[in-house]
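Observations on the three-dimensional arrangement
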Amino acid sequence: MTSEPEHVSGSARGEPVGFLDAIAEGLFEEMEDDERVVLLGEDVGVYGGAFKLTAGFRAHFGAGRVFDTPISEAGFTGAAAGAAHMGLRPVVEMQFMDFISSAYNVVTNYLATSLWRGSGPMPVVIRGPVGAGARSGAFHAQSVEMAFFHTPGLKIVYPSTPRDAKGLIKAAIRDDNPVIFEEHKLLYRDPKLREVLPSEDFVVPIGKARTVREGRDLTMVTYGRMVHLAAEAVERLEEEDGLDVEILDLRTLLPLDVEAVAESVRRTSRLLVVHEDTRTGGIAGEISMRVNERAFEWLDAPIARVTAIDTPIPYAPTLEDYFLPQVDDIVTAARWLAAY
Amino acid sequence: MIRVTTTMCSSDASATQVTPEPSRAQLLEMCRLMHLARATEERLELLFRQGHVHGGVYRSLGQEGAAVGTAFALRARSDGTGDVMTYLIRDTGAIFTHGGEPIDYLRHYLARATSLSRGRETGVHFTDFDRGLVGPISHLGTMVEVMAGMTWAFRLRGEDRVGMAYLGDGGSSTGEFHEGLNFAAVQECPMVMVLEANGYAFSTPTRKQTRAKRLADKAVGYGIPGESVDGNDVVACYEAAARAVARARAGHGASLLEVVTYRRRGHAQHDAQDYVPPEELEHWASRDPIDLFEQRLLSEEWATPDELEDVAAGARTEAERAADEALAEPLPEGATALDRIYTDVTLPRPWTRLARPDPHDV
C-alpha cells in the first residue's frame, strides 16, 4: 500500500480544492473509513480513470478494492448490485455517464426495485462525468437525469460546487439506496470554483436544495453547471435592471426538494427553471406541476423555463453553443418574467 | 453407479476432482425433493384453476431432476453463511433443495401479505438471504451479472462460498448473460452457471436461439470449463454440479454446466403448446426424471417400493398442508405498496384518497 495520492489531500493541507479533487477526496475518505467501499469501472484502476479522478487509488487500496472491468456497463453494474447484496458498498464509475444507458435495465429494474421487492437495501453509487460544452458530441456529453427521474427507488444527485460535490459523494456512499451521481465535466477543473473546504469530516444531506443567493423579485431554480450561468445572469440583471433574483440549487433531483421551491416561490411569486438537459420531459415540467399543486395561488406570472433544445448534442462549436442554454437566454427569460 | 459421458472444454487438471458418491439417504432425499417440487406445482395448478392465483403459473414438469440434482451440490445453510443461488421459474426443485419451503413458494404465487415480498412480486421472485436464495427479476441474464458480483464479494473476502445461477437456453442469448459470465470468468468468481436447455423459450426452439451445437460450447468463449450432462438424470446432474462447485470452492473460478432436459408443458398455463409435435412430448414423457430415478433406485436396490411410496405420499401431504395454510392468509393492504421504496424517504399517499382531499398535500 502506497501513501495517499496528492490530489486527495488538498483540504487536509488547508488548500483550496477544485471540483474533481473534491470528489476524489470524498471518495478516498470514505474508502479509508469503510473497507466495504469498493470501486469498479472501466480504466479506474491502473490508469486512474479517464479524468484521473481515481489516480493512485489502486496503488493505495489494492487491486481487490479498485479494479478495472471489461467494457460492460450492464455487467459491472449488475455485479455491483450482487456485491451490495453480500455487504459491500460499491462505487461504480461510468467512464462517461452517457454509457449508463447500456445498464438501463439493471439500474431501473434491479437496483431501484431491490428494497421494495424484499431483496434488501442497495448501497451502490453510480458516478461519472456528464454534460455538454466540451465539444464531445452526442455520446460523451449527455445529461442522464431524466432517463432515471421516473424510477422510484433511485436517488439522483447533481452538485455544482466542490463543497457540495465532496459532501454529497460522501453522503451518497453512506446511503443505503442506489444513487446516480452526476459530475459536470466542465466543472472538474474550472479554477474559478476552487474553494477551501472543512478539514474535518462533513457530509451534505441528499434531498436538500441550497439557496445560492436570496432575492425578492424572482426565483431561479437550477442545478449543475447552470447554477454558475444563472449566477452570471443574475449579476447582469441586478446591474442593468435592478432586479433582486433568488437562486436555488437543487443539488438533489430525486427525491426533489419540492418544499424549498414552493417556499421560495411563495416569497417571489415568479419562477424560472433553468436546466442543461433537453426541454421535453425535462425536470422543469415536473417542477412546474409541483409548484402548481403547492403554490398556484402565489404565482403572479406563468412559470418559464430555459433549457437545451430537443436534439441530440451536436459537435460543431456553433451548433453546440446553440444547443446549450446561454447566459443571454437566462437574462432574456428573467426580464420577460419580471415584466409580466 | 452408472456414469454419464461428459466432455470438458478445459484441460485444467483440477477441473476433474473426484466427487464423493451420494449416500443412500441423499439419494432418497433427492427423490423426495423432486416429488415435493412436482406435488407443490400440481397443487399450485389446482389453485390457479380455482382462481386463487392472480398471475401466471409456470410448471417445471420434466425438469425436476436437473433442478434438484444441480442444487444438491451446494452447501445449504439457514444462517446466511452458505452457498447462494439465483433461480428461474422452472427451478422449483432447486429452491426446495436449497432450503426454500413450499409455503414460501405458494404464498408468493398467491400474493399473500405473509410472502417474502409482502405480495409485491410475482411467482418465484422472492429472496431469502438467510438461506442464500436470491430471487430474479424477469429480464433474463440480469441475474448472471448479480451472481457474478455476489461471488466476486466471496472471493474478495476469502470466503469459501459458491454461487449458482440458473438460466435457460433462451436466456443464454441475452447480452447480460454474456456480460455477467464474462465478468465472472475474468474475475475468477466462484460461480457455477447452469444452463437448462429445455427445448423451448416460450415457443421458440433452441435451434432458433443459437447455432452452437451445445450450450456448453459457449464456455470456450469465456475461457472457462464447460460440461454438458443429461438433465433428466438427477445423479448425473448432481455429480457434474459437484465437480463445478468443487472447482469454484477451490479457487479455480467460474464454470458452465449445461443440463439437457425438456419442458413438458407450455411456457405458462395459458400456452397450449400447439407448436410442439406430439411425438416429441411422448418421447420425453417416457424419460420422466422421477420415473427414471425411481426405476434405478429399485433396480439397484437402494430403495424398496414401500419407501418410494412413502416419499411420494409425504411430499403430497406437505404440499397440501402448505397450500391450505397459504390460502388462509390475507392479501396485503393496498397502502403498504408505498413502504420501502427507500430506506429513509416516506412517499406521500395520493391526495384524492386522504380524508380531506386537497391537492396541496402532495
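Considerations on the overall build of chain B
Assigned secondary structure in chain B consists of eleven helices and eight strands. When its C-alpha atoms are laid out on the principal axes, chain B stretches across 75 × 50 × 40 Å. Counting across all 362 residues of chain B, residues that qualify as buried make up 52%. When contacts within chain B are restricted to residue pairs at least 6 apart in sequence, those whose partners lie at least 24 apart make up 76%.

What to know about the sheet that holds strand S1 (residues 84-86) of chain B
All names here are of chain B. A sheet is described by the order of its strands in space; here six strands give the open sequence S2-S1-S3-S4-S8-S7, paired in parallel fashion. Only two strands of the sheet have a single neighbouring strand rather than two, namely strand S2 (133-134) and strand S7 (226-230). Sheet topology places strand S3 (residues 163-168) next to strand S4 (residues 191-197); six bridges connect them, and they run parallel. The residue bridging Gly168 from the neighbouring strand is Glu196, located in S4. Against the sheet, helix H5 (residues 142-157) contacts S1, S2, S3 and S4, and its axis sits at roughly 170° relative to S3.

Section: the confidence of the model for chain B
Residues and elements named next belong to chain B. Per-residue confidence for chain B gives a mean pLDDT of 93, with 94% of residues at or over 70. In the predicted structure, residues 1-18 sits below a pLDDT of 50 and forms 34 contacts with residues beyond four places in sequence or in another chain. Here the complex is predicted with pTM 0.95, and the ipTM for its interfaces comes to 0.96.

Some words on the packing of helix H1 (residues 24-49) of chain B against helix H2 (residues 64-71) of chain B
Residue and element names in this part refer to chain B. Viewed as axis vectors pointing N to C, H1 and H2 meet at an angle of 135°, and their least axial separation amounts to 9 Å. Accordingly, the angle class assigned to the pair H1 and H2 is oblique. The two elements H1 and H2 meet at a crossing, and its hand is right-handed. On H2, the residues that touch Met30, Leu33, Met34, Ala37 and Arg38 of H1 are Glu64, Gly65, Ala67, Val68 and Gly69.

Some thoughts on the pairing of strand S12 (residues 304-308) of chain A
Residues and elements named next belong to chain A. The buried fraction of S12 is high, at four of five residues. Relative to S12, strand S11 (residues 271-278) runs parallel, the two sharing four bridges. Note on S12: the bridge partner recorded for Val273 is Arg305. In this fold, S11 hands off to helix H11 (residues 283-295), which returns the chain to S12; that crossover is right-handed.

Comments concerning the interface of chain B and chain A
If you look at the interface, chain B gives 38 residues, while chain A gives 35 residues. Broken down by secondary-structure element, the contributors of at least two residues to the side of chain B that touches chain A are H5 and helix H6 (175-186) of chain B. Sorting elements by how many residues they give to the side of chain B that touches chain A places H5 of chain B first, with ten residues. Classifying every residue of the side of chain B that touches chain A by side-chain character gives 19 nonpolar, twelve polar and seven charged.

Thresholds applied
- Sequence order as written defines residue numbering, which begins from 1 separately in each chain.
- To read the labels, note that chains go from A and ligands from 1, taken in the order they are written.
- Given that the model is predicted, a residue must reach a pLDDT of at least 70 before its local features are reported, and side-chain atom pairs must reach 80 or more before they are shown or counted; all residues, however, enter totals for whole chains, interfaces and linings.
- Numbering of helices and strands runs from the N terminus, with a helix taken as a DSSP run of H or I at least four residues long and a strand as a DSSP run of E at least two residues long.
- A residue is called partly exposed when the number of other C-beta atoms within 10 Å of its own lies between 12 and 20, exposed at 12 or fewer, and buried at 20 or more, with C-beta atoms placed from the backbone.
- Our contact criterion uses C-beta atoms placed from the backbone: two residues qualify when those atoms are within 7 Å.
- Criterion used throughout: strands pair if DSSP finds at least two bridges between them.
- Note on definitions: angles span 0 to 180 degrees between N-to-C directions of axes, and those axes are lines fitted to C-alpha atoms, for helices only across the stretch in contact.
- The predictor's confidence in any single residue is recorded as pLDDT, a number from 0 to 100.
- Small angles under 35 degrees read as roughly parallel and large ones over 145 as roughly antiparallel, with 65 to 115 read as roughly perpendicular and the rest as oblique.
- Take the far helix as your reference; a near helix turned counterclockwise from it by less than a right angle gives a left-handed crossing, and one turned clockwise gives a right-handed crossing.
- Assignment of crossover handedness uses the view with strands pointing away from the viewer, where a clockwise path from the first strand over the helix to the second indicates a right-handed crossover.
- Residues are grouped as follows: Ala, Val, Leu, Ile, Met, Phe, Trp, Tyr, Cys and Pro are nonpolar; Asp, Glu, Lys and Arg are charged; all remaining types, including Gly, are polar.

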